[in-house]
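Structure assessment
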There are 2 protein chains.
Amino acid sequence: MTTENQGVTAPKGFRAAGVTAGLKPSGKPDIALVLNDGPIRNAAGVFTGNRVKAAPVRWCEQIFGGTGGFSPAIAAVVLNSGGANACTGPAGYADTVATAEHLAAALDVGSTQIAVCSTGLIGERLPMDKILTGSTAAVAALHEQGGVDAAVAIMTTDTVPKQVVVAAGGFTVGGMAKGAGMLAPALATMLVVVTTDAVADNHALDTALRAATRVSFDRLDSDGAMSTNDTVLLLASGASGVQPSQEVLTAAVTRACQDLANQLLADAEGATKEISIEVVHAASEDDAVEVGRVVARNSLVKTAFFGGDANWGRILAAVGTSRAAFDPDQIDVAINGVWICKQGSTGEDRSLVDLAGRKAHVVIDLHAGVETATILTNDLSHAYVHENSAYST
Amino acid sequence: MTTENQGVTAPKGFRAAGVTAGLKPSGKPDIALVLNDGPIRNAAGVFTGNRVKAAPVRWCEQIFGGTGGFSPAIAAVVLNSGGANACTGPAGYADTVATAEHLAAALDVGSTQIAVCSTGLIGERLPMDKILTGSTAAVAALHEQGGVDAAVAIMTTDTVPKQVVVAAGGFTVGGMAKGAGMLAPALATMLVVVTTDAVADNHALDTALRAATRVSFDRLDSDGAMSTNDTVLLLASGASGVQPSQEVLTAAVTRACQDLANQLLADAEGATKEISIEVVHAASEDDAVEVGRVVARNSLVKTAFFGGDANWGRILAAVGTSRAAFDPDQIDVAINGVWICKQGSTGEDRSLVDLAGRKAHVVIDLHAGVETATILTNDLSHAYVHENSAYST
C-alpha cells in the first residue's frame, strides 16, 4: 500500500475494483466491487427514506435487518451505474438477488453477505447478462489499490470521482461517493461506501454512521428531492487491530462523511453557487435544521442566488413557512458577512454583498435560543433545468 | 350596468377604479379601489399562512378579527402594486394604517372599514405621498363599470387582467385576481377580491370563502412557495335582495374562485405547461392533496415536463416522499391518457404520450380508497429561472 492509496482501499483489509460491463452507452466503467478481507466483516447501513424503494435498497434492508440496521457479516458491496433497478417489480428484485448469489458463489460467502447498490434511470430492467459477466470480471480485478477504479465506476453525471481518507489514532477511514442523492436525484441516487480498518462491532458502526449522516448527507439539500436508491454503507475490517472509543470512531466517520458531502455539493449538476445556510440561535437543533431546509428548498431563493441577487426578502418569506420558534420582527440575516436584514426589516446596504464567487454563506439569526445547524445547497440555474429536462432523452 | 360589466363591479352595489399613482417605474396603473355601496357591507377574508406577514396582511387580520375571520363592515378595499410593504417594520405598518385612515376620511367611514392589500418587492417602504395622492384620485375615479380598471391596476408581471362573473339564481358573483401567490411569489402576492350582491351574513360569507379557497387557490401550487402578502377577500353588498342558501352561495363563490385559479395558472411566469395532477382512490382527501402537492413541487418532475419527457419514475419517486397511504407495488400513473406505469412498474409505452400541447393531465391511482383531489401546477422552465433570477435587478 502506498501513501497515494485513496478511498475505500485506504484502510487495511479492503480490496476493490471498477470494470466496464457495457451498461453505459458511453463505454465507461460501470460496475464497482468492494471486498472486505477481514479479519472482521462488520457493517452498518442507512437507506433512503423514500417509500418507493429500488430493488437493491429492499435487498439491503433485508440483509441489514431493516431501514438502517446492521448485519453480522457483509463481505462485499457491488455497485452498478447505468440503471437504478427501481420500479421494476418482482422481476427487478429477482435480478438483485441473482446478482448477490452470483457474487456470493464467486467469493465463497453467503448471498446475504453481498450488499447491492444501483444507480441510473428508474423503471428499466438491468441487462443481467452484462451485470453477471461484469461482476465476474470485477472479482478478477480486485486489488489493494482499487479504490479509485471503484470510485470511477459509480460515476454517472459526476464530473470527478469522490474519495476521502481520514487518518485517526492508529486506524483509517476511507470512502467513496457519487452524487446525486438530494443533490441531483435525476440520477436516482447518492451512493456512499465508507470503510475502516478499526475494530468495531456492528452496534458501534451503526451509532457512528447514524451520527455522521445526520450532520453530513442529511444536511445536503440541493433540490429537495429524495431518491429511490440512496444508500450509505460503513464496513469495518478490523485489520488495524485498533479498537477506538465510540467517540473517536464517530468523529472519524463524521469527518469522512462531511468531506464527501462537500465534494458532492461542489459537483452538483448545473450549479453555479455552493451555498451554506447557517441557522443560529434556534430554540432547538430541529428548528435550525427545518429553517435551513425550507430556505435551501425555496426556488425563489435559489434563483435569486443564481442571479447574484442578495434577496433577503425571499429568505425571510421562506423562513416564514417553517414551524420553528421565532419572532418575525427579531430575525437578522447576513449574506457573505453583510447583515442586510436586521430585526425583520432592512439592514445594511444590499449592494455591499459580494456574490461574485462560487461560495455563498447565509447566516439566519432567529434570536430564539442557543442551537445551530448548517444546511448545504446550490442555486437553481439554467443548467439545472437543462440537464434535468434532457436527462432521459 | 351593461352585459360587458366584468369582475368586481359585475354584482350590483359595487364601484371600482384603477389609477396611476407613479409607484411602478413603467407608469402603468398601480392603485385599485373597490367600494361596497351596500345596502350591507359584510365581508370575509382568508390570508397567507406565512408567518412573515406583510403590514397590510397584519392590518387586515386585525380588522377581520384574526387569521381568516369576518368583519362587521368592510366598506372598501384599496390595493397597490409596485411595493409589498413586507418586512418594513413598525414604520411600514404605520404606512398601512395611514392609507386606511386617509381613505376612511375620503369615504366617510371608519378606518377599520378599509381593507388594504399590497404587492411588489419585499423590504422597501412605500412612497406614501404617491399612495395618498393616488388613493384620493381613485376615490374620484370610482364608477360602476370600474372593475376592469381595478383588475389592470393590480397587475405586476401578469400579462392579462383576470376577472370573472358567475350568474347564480338571482344574484351575481364577480371577482378579480393577480397571480402570483403560490404561482410566482417573486411578485410577493396573490391578491383576490370577490364581490357579490347576494344577501349574506358574515358567517355565511366566511363559510363560503373557506370552502371555495380550499378547492381552488389552495390547490394551485406552482413553485411551492407561499407569499408574505397573499389575501383573498369576499365582499357582499346585498343589492340583489336575494338571500341564497349556504349551499348555493358556496357553489357560486367556488365557481368564481376556481375560474380565477385557472386564469392564474394559465398566466404563470415563464411556464410552458399547465399541469393538472389528479390523485384518485386515495384513503383520504388529505392524502390525495398531499400526494398531488409533493408531485407538483418536485423540481425533477417539473423539469421533465418542460423537456416533454413522460418520466413516470420521477413521479413515483415524488409520491414516495409523501406520508399518504399506498402500496408502492399498486400505484398506476397515466399521463395524457396513457397508463405508462402500472402496479409501480413499467406500463404502456411511454412514447405513446403526447406532450406537445400546453396542457398536461396526470392521473395517479393510489388504489387505497375512494377519495380524490386535483392539484394544478406548471413546469420548471428556463424562463422561470430567468424571470426569477432577474426580478429585483
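Reading the values: the criteria
- Sequence order as written defines the numbering, with residues in each chain counted from 1.
- Working convention: letters from A go to chains and numbers from 1 go to ligands, in the order in which they are written.
- Only residues with pLDDT of 70 or above have their local features reported here, since the model is predicted, and side-chain atom pairs are shown and tallied only from 80 upward, although totals for entire chains, interfaces and linings are computed over all residues.
- Computation of side-chain values: all heavy atoms of the structure, hydrogens and water removed.
- UniProt positions are given in the numbering used here, feature names are shortened, and annotations may be inferred rather than shown by experiment.
- For the purposes of this description, domain bounds are those given by an automatic or database domain assignment.
- Two residues form a contact once any of their heavy atoms are found within 4.5 Å.
- Accessible-area loss on putting two parts together, using a 1.4 Å probe and summing over both, is the definition of buried area adopted here.
- For salt bridges, the criterion is a side-chain nitrogen of Lys or Arg within 4 Å of an Asp or Glu carboxyl oxygen.
- Contacts described as polar in this section are N or O atom pairs within 3.5 Å, which, within protein, must combine one atom able to donate a hydrogen with one able to accept it, while residues neighboring in sequence count only if both atoms come from side chains.
- Helix numbers and strand numbers start at the N terminus; a helix is a DSSP run of H or I with at least 4 residues, a strand a run of E with at least 2.
- Each residue receives one of three labels: charged for Asp, Glu, Lys and Arg, nonpolar for Ala, Val, Leu, Ile, Met, Phe, Trp, Tyr, Cys and Pro, and polar for the others, Gly being one of them.
- Paired strands, as defined in this entry, are two strands with at least two bridges between them according to DSSP.
- Note on definitions: angles span 0 to 180 degrees between N-to-C directions of axes, and those axes are lines fitted to C-alpha atoms, for helices only across the stretch in contact.
- The score called pLDDT rates the predictor's confidence residue by residue, from a low of 0 to a high of 100.
- Relative accessibility under 20% of the residue-type maximum defines a buried residue, over 50% an exposed one, and the middle range a partly exposed one, all with a 1.4 Å probe and only protein chains included.
- Ring pairs are drawn from Phe, Tyr and Trp, using the six-membered ring of Trp, whenever the two centres fall within 6.5 Å, and their geometry is named by plane angle: stacked under 30 degrees, edge-to-face over 60, tilted for the rest.
- Charge-over-ring placement is defined geometrically: NZ (Lys) or CZ (Arg) within 6 Å of the ring centre, and within 35 degrees of the ring normal.
- Geometric relationships in this document are graded by angle, where less than 35 degrees denotes roughly parallel, more than 145 denotes roughly antiparallel, 65 to 115 denotes roughly perpendicular, and other angles denote oblique.

Per an unreviewed UniProt entry, chain A is named Arginine biosynthesis bifunctional protein ArgJ, and its organism is Nakamurella panacisegetis. Recorded in UniProt for chain A, the comment headed Subunit (unreviewed entry) runs: "Heterotetramer of two alpha and two beta chains." Of the comments in the UniProt record for chain A, the one headed Subcellular location (unreviewed entry) reads "Cytoplasm".

1. Let's talk about the domain arrangement of chain A
All names here are of chain A. Domain boundaries assigned for chain A yield domain 1 (7–266) and domain 2 (274–389). Of note, the centres of domain 1 and domain 2, computed from C-alpha atoms alone, are 33 Å apart. Taken together, the 13 residues of domain 1 in the interface contact 16 residues of domain 2. Of the roughly 1,300 Å² buried at the junction of domain 1 and domain 2 (both faces included), carbon and sulfur atoms supply 40%. On the surface where domain 1 and domain 2 come into contact, there are 2 salt bridges. The residue Glu 285 makes a salt bridge to Arg 214 at a minimum N-O spacing of 3.1 Å. Linking domain 1 with domain 2 are 6 residue pairs in polar contact (both at pLDDT 80 or more), by the criterion used here. Take the side of domain 1 that touches domain 2: its biggest share by element is 3 residues, from helix H6 (residues 246–266). When the residues that make up the side of domain 1 that touches domain 2 are grouped by side-chain class, the tally is 5 nonpolar, 3 polar and 5 charged.

2. A word on the sheet that holds strand S1 (residues 14–19) of chain B
The pairing of strands in a sheet comes from backbone hydrogen bonds and takes either a parallel or an antiparallel form. Residue and element names in this part refer to chain B. Ordered by their spatial adjacency, 4 strands build an open sheet running S1-S2-S5-S6, and the pairing between neighbours is mixed. In the strand order of this sheet, the two ends are held by S1 and strand S6 (114–118), each with one partner. Neighbour-to-neighbour, the strand axes of the sheet open up by a mean angle of 10 degrees, direction not taken into account. Two strands pair when backbone bridges link them, and S1 and strand S2 (residues 31–36) are joined in this way by 6 bridges, in the antiparallel orientation. Bridge pairing in S2 links Phe 14 to Asn 36. Contacts from helix H2 (residues 89–107) reach S2, strand S5 (76–80) and S6, with the element oriented near 135 degrees to S6.

3. What about the interface of chain B and chain A?
Across the boundary between the two partners, chain B contributes 51 residues, which contact 51 residues of chain A. Here chain B meets chain A over a buried area of about 3,900 Å², counting both sides, of which 57% is carbon and sulfur. Taken as a group, Arg 51, Leu 300 and Val 385 of chain B account for 17% of the area that chain B buries against chain A, more than any other trio of residues on that side. Taken together, chain B and chain A are joined by 0 salt bridges. In this assembly, chain B and chain A are joined by 15 residue pairs in polar contact (both at pLDDT 80 or more).

4. Details of the confidence of the model for chain A
Looking at chain A, pLDDT values average 90 and 93% of them are 70 or higher. Long-range and interchain partners of residues 181–188 of chain A, a stretch whose pLDDT sits below 50, account for 43 contacts in this model, where long-range means more than four residues apart.

5. A closer look at the pattern of salt bridges
All names here are of chain A. Summed over all chains, the structure comprises 26 salt bridges over all chains. Linking Arg 350 and Asp 309 is a salt bridge whose minimum nitrogen-to-oxygen distance equals 3.0 Å. Taken together, the positions of Arg 350 in the loop between strand S14 (345–346) and strand S15 (359–365) and Asp 309 in the loop between helix H8 (299–306) and helix H9 (312–319) put the pair 41 residues apart, joining distant regions of the chain. For Arg 350, a relative accessible area of 30% puts it in the partly exposed group. Overall, the relative accessible area of 4% leaves Asp 309 in the buried class. One network of salt bridges, with partners in common, ties together Asp 158, Lys 162 and Asp 267.

6. Concerning the environment of Ala 21 of chain B
Residues and elements named next belong to chain B. Tracing the backbone shows Ala 21 in the loop between S1 and S2. For Ala 21, a relative accessible area of 15% corresponds to the buried category. Note: C-alpha distance between Ala 21 and Asp 129 (108 residues apart in sequence) is 9.3 Å.

7. Observations regarding the packing of aromatic side chains
Two measures describe an aromatic ring pair: the distance that separates the ring centres and the angle between the ring planes. Considering all chains together, one arrives at 2 aromatic pairs over all chains under this definition. Residues Phe 47 of chain A and Phe 64 of chain A carry aromatic rings whose centres are separated by 5.6 Å and whose planes lie at 70 degrees to one another, so their mutual orientation is edge-to-face. In this pair, Phe 47 of chain A is assigned in strand S3 (residues 42–47) and Phe 64 of chain A in helix H1 (residues 55–64), connecting sequence segments 17 residues apart. The two residues Phe 47 of chain A and Phe 64 of chain A agree in class, both being buried. In this structure, Arg 51 of chain A packs its charged tip against the face of Phe 326 of chain B, placed 4.0 Å from the ring centre.

8. A short note on the packing of helix H10 (residues 382–389) of chain A against helix H8 (residues 299–306) of chain B
Two elements in contact, H10 of chain A and H8 of chain B, have axes whose closest approach is 8 Å; the angle formed by their N-to-C orientations is 75 degrees. Here H8 of chain B runs roughly perpendicular to H10 of chain A, going by the angle between their axes. Across the interface between the two elements, Tyr 384, Val 385, Asn 388 and Ser 389 of chain A from H10 of chain A touch Ser 299, Leu 300, Thr 303, Ala 304 and Phe 306 of chain B from H8 of chain B. Looking at the contact of H10 of chain A with H8 of chain B, its residues break down into 5 nonpolar, 4 polar and no charged.

9. What to know about the side chain of Asn 229 of chain B
Residue and element names in this part refer to chain B. By secondary structure assignment, the location of Asn 229 is in the loop between helix H5 (202–214) and strand S10 (231–236). Assessed through its relative accessible area of 1%, Asn 229 is described here as buried. Reaching out from Asn 229, the side chain makes a polar contact with the backbone oxygen of Ser 118 at a distance of 2.9 Å. In this structure the side chain of Asn 229 is engaged in a polar contact, spanning 2.5 Å, whose partner is the side chain of Thr 228.

10. Some remarks on the UniProt feature "active site" (unreviewed entry) in chain A
Residue and element names in this part refer to chain A. The sites that carry the UniProt feature "active site" (unreviewed entry) are, in the present numbering, Thr 189. Assignment of secondary structure puts Thr 189 in the loop between strand S8 (172–178) and strand S9 (191–196). Exposure remark for Thr 189: the relative accessible area of 0% places this residue in the buried category.

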